[in-house]
Amino acid sequence: MTHALIQPTGAAHTRIYAYGAARGEIAVPNEDLIGPIDSSDEWIRQRTGIVTRTRAVHDTDAIDLATDAAREAIEKSGVDAASIDAVIVATISNPKQTPSVSAIVADRVGSNPAAAYDVNAACAGFAYGVAQADALIRAGAAHYALVIGTEKLSDVVDPADRSISFLLGDGAGAVVVGPSDFPGIGPTIWGSDGSKAEAVGMNGTLTQFRDGEVPWPTLRQEGPTVFRWAVWEMVKVARQALEAAGIEASDLAAFVPHQANMRIIDEFAKQLKLPDTVVVGRDIETTGNTSAASIPLATHRLLEEHPELSGGLALQIGFGAGLVFGAQVVVLP
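Note that the structure is predicted; figures quoted are calculated from it, not measured.

Caption draft 1: Molecular detail of the overall build of the chain. What the chain contains, in helices and strands, is 9 helices and 14 strands. In terms of overall dimensions, the chain is globule-like: its C-alpha atoms have a radius of gyration of 19 Å, near the 20 Å expected for 333 residues. Along the first, second and third principal axes, the C-alpha set of the chain runs to 70 × 50 × 40 Å. The buried share of the chain, reckoned over its 333 residues, is 55%. Sequence separation of at least 24 residues holds for 77% of the intrachain contacts in the chain that already meet a minimum separation of 6. A total of about 14400 Å² of accessible surface is found on the chain, and carbon and sulfur atoms cover 52% of it. Positive and negative side-chain charges in the chain, numbering 24 and 40 respectively, have mean positions lying 4 Å apart.

Encoded structure:
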């Protein structure tokens with residue numbers, strides 16, 4: 001006799017209920033970093049648009065930052081922490097390879113025994129997490145999900161590395177995702193190009209470090225390669241996300257790309273032909289590049305500075321190490 005299995009189904013639609021944020025405790029201006037890279041404040045501003053970046057103190061790690069951001073998102077969402085049954089954390093700076101950041105954060109914020117796992121998709125990690133939360137809830141595998149992007153990149157940077165050291169900051173951004181009466185998260189356009197994985201990533205492995213073959217591994221990048229890829233290829237992905245969501249660029253209230261470089265952000269806006277009515281996230285100027293945390297941090301700041309954006313459409317796109325990318329249109333809470 002064949003027994004029919006029960007397969008759950010969930011809500012027809014999902015949306016983001018609220019954003020939370022946590023930034024490193026220290027503001028680090030360009031002047032503090034120019035010595036080891038033999039540079040200047042003017043050079044950094046012209047190349048990246050960064051004036052200062054936030055970094056965490058020694059005893060604060062990516063888990064602490066994630067916890068603070070998550071608590072704010074939960075409080076603003078109005079959802080009981082105990083009702084959150086999935087916690088997804090995007091990070092490349094877990095201080096330990098295991099246990100996951102997500103399991104620890106779930107316990108700290110009162111969401112035990114939520115399903116919890118980490119995503120390693122670098123600067124696209126938050127977009128990946130939102131895509132998975134949306135899918136889990138609509139499939140009936142979860143009812144409410146907490147998605148966090150968190151990084152303490154100051155732990156994995158060489159101060160003397162001229163390719164990336166001055167770009168990076170520390171912080172975390174979080175959202176609560178749940179069922180909705182209307183479509184609040186558009187289709188995700190995501191993918192990767194591992195053939196160019198060497199363009200940005202770690203310059204060694206932990207086993208090589210253990211065996212004395214390399215110094216402590218740090219992030220490195222081929223700046224021109226990453227810039228060209230981001231500007232030309234990621235604009236195509238952004239357009240695909242708009243088309244998949246059934247909207248035009250003129251329908252957007254906000255555009256929040258990964259905060260990689262101000263020149264990339266400006267070129268993005270130009271290529272997409274965004275009208276002046278679209279508010280563009282430029283959190284990189286005072287926060288720096290925070291990888292998986294950059295999109296939620298920038299969106300959180302936009303909502304604080306422009307509360308009128310609430311209920312509007314925002315295009316969010318992440319891209320980074322491993323040449324991984326993800327983009328979706330969301331309704332802002």
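Caption draft 2: Region of the structure containing the pairing of strand β11 (residues 254–257). The two faces of β11 match: Ala 254 and Val 256 on one face and Phe 255 and Pro 257 on the other face are all buried. Relative to strand β12 (residues 279–280), β11 is paired through 2 bridges, and the arrangement is parallel. Paired with Ala 254 across the two strands is Val 279, which belongs to β12. At this point the chain moves from β11, through helix α7 (residues 262–271), to the parallel β12, and the crossover so formed is right-handed. Two strands pair when backbone bridges link them, and β11 and strand β13 (residues 313–320) are joined in this way by 4 bridges, in the parallel orientation. The partner of Val 256 across the bridge, within β13, is Gln 316.

Caption draft 3: Quick peek at unusual backbone geometry. The omega angle of the peptide bond from Thr 98 to Pro 99 is 10 degrees, so this bond is cis rather than trans. Looking at the secondary structure, you find Pro 99 in the loop between β4 (86–90) and α3 (101–109). A cis amide bond, omega 0 degrees, links Asn 112 with the succeeding residue Pro 113. Among the secondary structure elements, Pro 113 is positioned in the loop between α3 and β5 (115–119). Its identity is not glycine, yet Ala 122 carries a phi of approximately 50 degrees, on the positive side. Tracing the chain through its elements places Ala 122 in the loop between β5 and α4 (125–139).

Caption draft 4: Local environment of the nonpolar core. Ranked by size, the top nonpolar core spans 48 residues in total, and within it Phe 255, Leu 274, Leu 315, Ile 317 and Phe 319 carry the most contacts. Listing elements by their share of this core, those giving two or more residues are α6 (223–245), α7, β13 and β14 (324–331). At 10 residues, α6 tops the list of elements feeding residues into this core. Here Ile 317 is in contact with Met 234, Val 237, Ala 238, Phe 255, Val 256, Pro 257, His 258, Phe 268, Ile 295, Gly 326 and Ala 327, once residues within four sequence places are set aside. By size, the runner-up hydrophobic cluster in this structure holds 30 residues, among which are Tyr 19, Val 119, Ile 137 and Val 324.

Caption draft 5: Main features of helix α9 (residues 294–305). For α9, with 12 residues, the first-to-last C-alpha span of 16 Å sits near the 16 Å given by 1.5 Å per residue. Within α9, 9 of the 12 residues are buried, which leaves the element mostly enclosed by the surrounding structure.

Caption draft 6: Focus on the packing of helix α2 (residues 62–77) against α3. At a minimum axis separation of 10 Å, α2 and α3 run at an interaxial angle of 50 degrees. When the axes of α2 and α3 are compared, the pair comes out oblique. Like other packed secondary-structure pairs, α2 and α3 cross with a definite hand, here right-handed. Of the residues in α3, those touching α2 at Ile 63, Asp 64, Ala 66, Thr 67, Ala 70, Arg 71 and Ile 74 are Val 101, Ile 104, Val 105, Arg 108 and Val 109. Tallied by class, residues from the contact of α2 with α3 come to 8 nonpolar, 1 polar and 3 charged.

Caption draft 7: Summary view of α2. With 16 residues, α2 should cover 22 Å at 1.5 Å per step; its first-to-last C-alpha distance of 22 Å lies within 8% of that length. Of the positions making up α2, those classed as buried are Ala 62, Ile 63, Leu 65, Ala 66, Thr 67, Ala 69, Ala 70, Ala 73, Ile 74 and Ser 77. Summarising the contacts, the buried residues of α2 are in contact with β1 (13–23), α3, β6 (145–152) and β7 (170–180). The N-terminus of α2 is capped by Asp 61, whose side-chain oxygen sits 3.0 Å from the backbone nitrogen of Ile 63. Just past α2, the residue Gly 78 takes up positive phi, approximately 80 degrees.

Caption draft 8: Here's a closer look at the pairing of strand β8 (residues 189–192). Residues Ile 189 and Gly 191 point to one face of β8 and are all buried, whereas Trp 190 and Ser 192, pointing to the other face, are not buried. Examined bridge by bridge, β8 and β14 share 4 bridges and lie antiparallel to one another. Note on β14: the bridge partner recorded for Gly 191 is Phe 325.

Caption draft 9: Here's a closer look at the sheet that holds β12. Read from one edge to the other, the open sheet built from 5 strands follows the order β8-β14-β13-β11-β12, with strand pairing classed as mixed. The open sheet has two edge strands with one neighbour each: β8 and β12.

Caption draft 10: How the structure looks around the pattern of salt bridges. Applying the stated rule across the entire model yields 13 salt bridges. Linking Asp 64 and Arg 108 is a salt bridge whose minimum nitrogen-to-oxygen distance equals 3.0 Å. Here Arg 108 lies in helix α3 and Asp 64 lies in helix α2, a separation of 44 residues in the sequence. The partly exposed category is assigned to Asp 64, whose relative accessible area is 23%. Residue Arg 108 is classed as partly exposed on the basis of its relative accessible area, which comes to 35%. Residue Asp 161 is joined to Arg 220 by a salt bridge in which the shortest nitrogen-to-oxygen separation is 3.5 Å.

Parameters at a glance
- Residues numbered from 1 in each chain as written.
- Predicted model: local features only at pLDDT ≥ 70, side-chain atom pairs only at ≥ 80, totals over all residues.
- Heavy atoms only, no water.
- Helix = DSSP H or I, 4+ residues; strand = E, 2+ residues; numbered from the N terminus.
- Rg over C-alpha atoms; globule rule 2.2 N^0.38 Å.
- Buried < 20%, exposed > 50% of the residue type's maximum accessible area, 1.4 Å probe, protein only.
- Contact = heavy atoms within 4.5 Å.
- Areas by Shrake-Rupley, 256 points an atom, 1.4 Å probe, with all protein chains shown as cover.
- Lys, Arg positive; Asp, Glu negative; His and termini not counted.
- Charge placed at Lys NZ, Arg CZ, Asp CG, Glu CD.
- Pairing = 2+ DSSP bridges.
- Right-handed = clockwise from strand over helix to strand, strands pointing away.
- Core = buried A, V, L, I, M, F, W, Y, C linked by side-chain atoms within 4.5 Å.
- Expected span 1.5 Å × (residues − 1).
- Axes fitted to C-alpha atoms, helices over the stretch in contact; angles between N-to-C directions.
- Parallel < 35°, antiparallel > 145°, perpendicular 65-115°, else oblique.
- Left-handed = near helix turned anticlockwise from the far one by under 90°.
- Nonpolar A, V, L, I, M, F, W, Y, C, P; charged D, E, K, R; others polar.
- Polar contact = N/O pair within 3.5 Å; in protein donor to acceptor, adjacent residues only side chain to side chain.
- Salt bridge = Lys/Arg side-chain N within 4 Å of Asp/Glu carboxyl O.

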